[in-house]
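What the coordinates show
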Amino acid sequence: MVGRGEWGYAHNHQGRFATFLFFTAALAVGVALADAFEDGRTAYKRGDYAAAVKEWRPLAEAGDAEVQFYLGTMHGHGRGVAQDDAKAVSWYRKAADQRLAMAELNLGIMYENGLGVARDYSAAAEWFRRAAGQGDGEAQYHLGTLYGHGQGVPQDDGEALKLYRQAADQGLAKAQHDVGAMYAAGLGVARDDGEAAAWFRRAAEQGYRPAQYKLGILYAAGQGVTRDHVLAHMWWSLSARQGNRGAGEARDDVERLMTDTMIEEAEELARRWQAK
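The structure presented is a predicted model; accordingly, all values stated were derived computationally and were not measured. (Residues numbered from 1 in each chain as written. Predicted model: local features only at pLDDT ≥ 70, side-chain atom pairs only at ≥ 80, totals over all residues. Heavy atoms only, no water.)

Attention now moves to the overall build of the chain. Counting secondary structure elements, the chain contains 14 helices and zero strands. Listing the helices and strands of the chain from first to last along the sequence gives α-α-α-α-α-α-α-α-α-α-α-α-α-α. Burial status across the chain gives 39% buried among its 276 residues. For the chain, the share of sequence-separated contacts (at least 6 apart) that also reach a separation of at least 24 residues comes to 46%. Counting every atom, the chain has about 14,800 Å² of accessible surface; 52% of that belongs to carbon and sulfur. (Helix = DSSP H or I, 4+ residues; strand = E, 2+ residues; numbered from the N terminus. Buried < 20%, exposed > 50% of the residue type's maximum accessible area, 1.4 Å probe, protein only. Contact = heavy atoms within 4.5 Å. Areas by Shrake-Rupley, 256 points an atom, 1.4 Å probe, with all protein chains shown as cover.)

Put into structure tokens, the structure is as follows:
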């Protein structure tokens, strides 16, 4: 006769063995998925996008948000698959529904520009807001532009400035430029040329050509900074070298007010800045 204790031992032993098999299988699956992700990334880096898609698609279909995002970008750019904005939107949405900030951002951009979906600024604002709430600087910037233009949200320069500032504090050059522009124009804040110059400088130091151009204007006019044609020339030269025609014309105009020595100094400063 089998006693209760023997039944209990047999049941417990079988349970532990089943648990062991479950975790062993789960570990094997996890390793296989990790291998597939790495194989896909390796293929992507070497430019074999079709192979990357082949490795990643099963992961995306299994619910991996990051891989869903990657597939969205590949459909959006036509890498390894036919270019298809609607499919890009579909993958972005799957990832965004799992609160992946970069997918929320890209889905907002698709709605903002009417790519793969009908243009809908309200929907764009909602997706930007979700990503911005997670601290995504690009989303903060995009949401700020919607408030600045009153697209999908009420026009509100103060809210636009707040969002630009959040993105600017994360080092986003275009946001730093736009904060400077708001101060220069007195939009959403009292006009302050000194603050405008400070924000333009932060963006200009990152090589953002519109900010370099604007900073040159302030130096030439002596607004928010001491008038300095040498520094105006330097910043305009740097902006012009990136294709800003207006900056090149402004640099040529200011040379009429400069000595040869001043021009040489400005050109040397520009060379040093680029060599940093």
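Moving on from the coordinates now.
Summarising the element assignment, Arg-271 is placed in helix 14 (residues 260-275). A relative accessible area of 46% places Arg-271 in the partly exposed class. Residues Arg-271 and Ser-237, 34 residues apart in the sequence, show an inter-C-alpha distance of 9.7 Å.

Our next topic: the environment of Tyr-213. Relative to the helices and strands, Tyr-213 is located in helix 11 (residues 209-221). For Tyr-213, a relative accessible area of 25% puts it in the partly exposed group. Separated by 24 residues in the primary sequence, Tyr-213 and Ser-237 place their C-alpha atoms 8.7 Å from one another.

With that out of the way, let us pick up the packing of helix 2 (residues 49-61) against helix 3 (residues 65-77). Axis separation between helix 2 and helix 3 bottoms out at 9 Å; the angle between their running directions is 140°. When the axes of helix 2 and helix 3 are compared, the pair comes out oblique. Here helix 2 runs over helix 3; the crossing is left-handed. Side by side, helix 2 and helix 3 meet where Tyr-49, Ala-52, Val-53, Trp-56, Arg-57, Leu-59 and Ala-60 of the first sit next to Val-67, Gln-68, Tyr-70, Leu-71, Met-74 and His-75 of the second. Per-class residue counts for the contact of helix 2 with helix 3 are ten nonpolar, two polar and one charged. (Axes fitted to C-alpha atoms, helices over the stretch in contact; angles between N-to-C directions. Parallel < 35°, antiparallel > 145°, perpendicular 65-115°, else oblique. Left-handed = near helix turned anticlockwise from the far one by under 90°. Nonpolar A, V, L, I, M, F, W, Y, C, P; charged D, E, K, R; others polar.)

By size, the foremost hydrophobic cluster in this structure holds 67 residues, and its most contacted members are Leu-107, Tyr-111, Val-179, Leu-215, Trp-235 and Trp-236. Not counting chain neighbours up to four residues away, the residues in contact with Trp-235 comprise Ala-204, Glu-205, Gln-212, Leu-215, Gly-216, Tyr-219 and Trp-273. One finds Trp-56, Leu-59, Val-67 and Leu-71 within the second-largest nonpolar core, a separate group that totals 13 residues. (Core = buried A, V, L, I, M, F, W, Y, C linked by side-chain atoms within 4.5 Å.)

A word on the side chain of His-142. For His-142, the position within the fold is in helix 7 (residues 137-149). In this structure His-142 comes out as buried when scored by relative accessible area, which is 15%. Within the structure, the side chain of His-142 is placed 3.2 Å from the side chain of Glu-112, a separation counted as a polar contact. If sequence neighbours within four positions are ignored, His-142 has contacts with Leu-105, Ile-109, Glu-112 and Phe-128. (Polar contact = N/O pair within 3.5 Å; in protein donor to acceptor, adjacent residues only side chain to side chain.)

Glancing now at the confidence of the model for the chain. On average, residues of the chain carry a pLDDT of 90, and 88% of them reach 70 or more. Low confidence marks residues 16-31, where pLDDT is under 50. Its contacts with residues over four positions away, or in another chain, come to zero contacts. (pLDDT = per-residue confidence, 0-100.)

Turning our eyes to something else, we now look at the side chain of His-229. In this fold, His-229 is placed in helix 12 (residues 229-240). Overall, His-229 belongs to the buried group, its relative accessible area being 18%. When neighbours within four sequence positions are excluded, His-229 is seen to be in contact with Ala-220, Val-254, Leu-257, Met-258 and Met-262.

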